[in-house]
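Here are the chains, one letter per residue:
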Amino acid sequence: MKLDVAIIGAGITGSALAYYLSKRGIKNIAVFEKQYVCSGSTGRCGGGIRQQWATPGNCRLAYRSVKHFEKLEQELGYPTEYYQGGYLLLAFTEEEKKQFEKNVLMQQKAGVPVRLISQSEIKKMFPYIKTDDVKIGTHCQTDGHANPMLVTQAYAEAAKKNGVKFHLFTEIKKIERRGEQITSISTETGDKFEVGVFFNAAGGYSADVAAMAGLEIPTRPQRHEILVTEPLKKFLDPLVISFHHHIYFRQTMHGSLVMGWGDDNEPYSHNTESSLEFLKVMSRQITKLVPAMKSVKIIRQWAGLYNMTPDAQPILGRMPGLSNYYQAVGYSGHGFMIAPAVTELMAELIDTGKTSIDISELTIDRFKGNQSFTLEKSVV
Ligand SMILES: Cc1cc2nc3c(=O)[nH]c(=O)nc-3n(C[C@H](O)[C@H](O)[C@H](O)COP(=O)(O)OP(=O)(O)OC[C@H]3O[C@@H](n4cnc5c(N)ncnc54)[C@H](O)[C@@H]3O)c2cc1C
């Protein structure tokens, strides 16, 4: 059987890409997913959507994605729990303060309605946060969050309506190549599909999928843990980040708090087990920032994979030297929020050979030889 486009992975990337390709009238698209829609990182993520980044590439993609999120429920006819409650970023050191001041200028230039916010204003606006050691903050009201499962289902259902076939519980085990082309993919049960375009949207398994095609890409999986508390009366509008404490937290529509901690020393692996250590550190860090959290009960914890790159920015576009291999991988912990813009651009690229905004600095070419690259510093 011949497919015009074969997408590996049904997270936000694979599902949204399938939708945007089908919206352009491209037919004969199939998504292959080894488990179910959202079983990878997307279904495990915090659902945060922010435009406050330290690199212009991430900033532009997030800004463009927000425009998608704002109209997604209407466009796809599906609830998403999208809420623009803002993002509050807190600086605790002079170095962070300087970086925030620099970031805000760049973000404002990219059109993001972000502003610096003083310690006294933070105290007034968000009285539950302990501000004694806060130097400064940044706040953007059009940032927010959504339910990652609902958003992804929304894209997947819309793609199905447009004729896309989802092969769930179907792992791709073999990829065949002839010269500069991917020619076919085979499933674990031996079904073989010839492919026109091949797309790697395999998240934490992106390097493994690339390796099946004989390619080495610099993406590495890294466990990140997260938890949810009992529901509380609504008190928290923004998603709050402290890079200094390596934590983020937000309140869901149902009142529960979702919070995560990033461990710099976590080794690269596919491990998604939960740990007691996480509960200890997370509890310690959150109560430093929000002392009232001391008596709140934790309901559930889980873990997922960040797909890291050396500069913590995604790798997008066509693989040099191959005519029909494309990828959107290595989001480094912020793929949910930028995927709408990324996948719309990838659909443009596949359909027309070009993108309406320049993404050349995010292709894999930046890692060629000894070139220098810019590290995205605003990852938590
Ligand atoms: C704890 C945590 C919190 C996060 N918080 C945020 C956040 O607040 N905001 C944000 O923007 N991002 C966040 N992220 C990052 C975000 O989850 C990811 O960047 C994003 O979900 C990546 O989506 P994806 O579709 O590319 O990958 P995934 O959702 O991982 O999907 C890839 C899919 O490919 C499938 N697959 C892999 N190999 C094969 C194969 N051989 N055959 C068939 N199928 C295969 C997998 O089963 C998987 O379902 C967080 C991540 C974690 C772990």
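Residues numbered from 1 in each chain as written. Predicted model: local features only at pLDDT ≥ 70, side-chain atom pairs only at ≥ 80, totals over all residues. Heavy atoms only, no water.

A. A look at the overall build of the protein chain. When its secondary structure is counted, the protein chain shows eight helices and 18 strands. Computed over C-alpha atoms, the radius of gyration of the protein chain comes to 20 Å, within 12% of the 21 Å expected from 2.2 N^0.38 for 380 residues, which places it in the range of a compact globule. Considered along the principal axes of its C-alpha atoms, the protein chain spans approximately 65 × 40 × 40 Å. Across the 380 residues of the protein chain, 57% fall into the buried class. Considering only contacts in the protein chain between residues 6 or more positions apart, those separated by 24 or more positions represent 73%. Accessible area of the protein chain: about 16200 Å², with a carbon and sulfur share of 51%. If you average the places of the 44 positive and of the 39 negative side-chain charges in the protein chain, the two averages end up 2 Å apart. (Helix = DSSP H or I, 4+ residues; strand = E, 2+ residues; numbered from the N terminus. Rg over C-alpha atoms; globule rule 2.2 N^0.38 Å. Buried < 20%, exposed > 50% of the residue type's maximum accessible area, 1.4 Å probe, protein only. Contact = heavy atoms within 4.5 Å. Areas by Shrake-Rupley, 256 points an atom, 1.4 Å probe, with all protein chains shown as cover. Lys, Arg positive; Asp, Glu negative; His and termini not counted. Charge placed at Lys NZ, Arg CZ, Asp CG, Glu CD.)

B. Molecular detail of the site of the ligand. Close to the ligand lie 39 residues; Thr13, Glu33, Thr42, Gly335 and Met337 are nearest. Taking histidine 334, its main chain carries an N or O atom lying 3.4 Å from an oxygen atom of the ligand. With the chains in place, 96% of the 1000 Å² that the ligand exposes on its own is no longer accessible. The set of elements that each furnish at least two residues to the shell around the ligand consists of helix H1 (12–23), helix H6 (206–212), strand S12 (220–229), strand S16 (298–308) and helix H8 (335–352). The residue inventory of the shell around the ligand, partitioned by class, reads 18 nonpolar, 17 polar and four charged. (Near = heavy atom within 4 Å. Polar contact = N/O pair within 3.5 Å; in protein donor to acceptor, adjacent residues only side chain to side chain. Nonpolar A, V, L, I, M, F, W, Y, C, P; charged D, E, K, R; others polar.)

C. Main features of the environment of alanine 146. Note on placement: alanine 146 falls in the loop between strand S7 (144–145) and helix H5 (148–161). Classification of alanine 146 by relative accessible area gives buried; the value is 2%. Separated by 190 residues in sequence, alanine 146 and phenylalanine 336 place their C-alpha atoms 9.5 Å apart. Contact partners of alanine 146, with chain neighbours within four places excluded, come to Gly47, Ile49, Thr80, Glu81, Tyr82, Val151, Arg250 and Phe336.

D. Spatial organisation of unusual backbone geometry. The backbone of phenylalanine 169 shows a phi angle near 50°, a positive value even though the residue is not glycine. On the accessibility criterion, phenylalanine 169 (57% relative accessible area) is exposed. Not every positive phi belongs to a glycine, and histidine 246 is a case in point at roughly 60°. Given a relative accessible area of 29%, histidine 246 falls into the partly exposed group.

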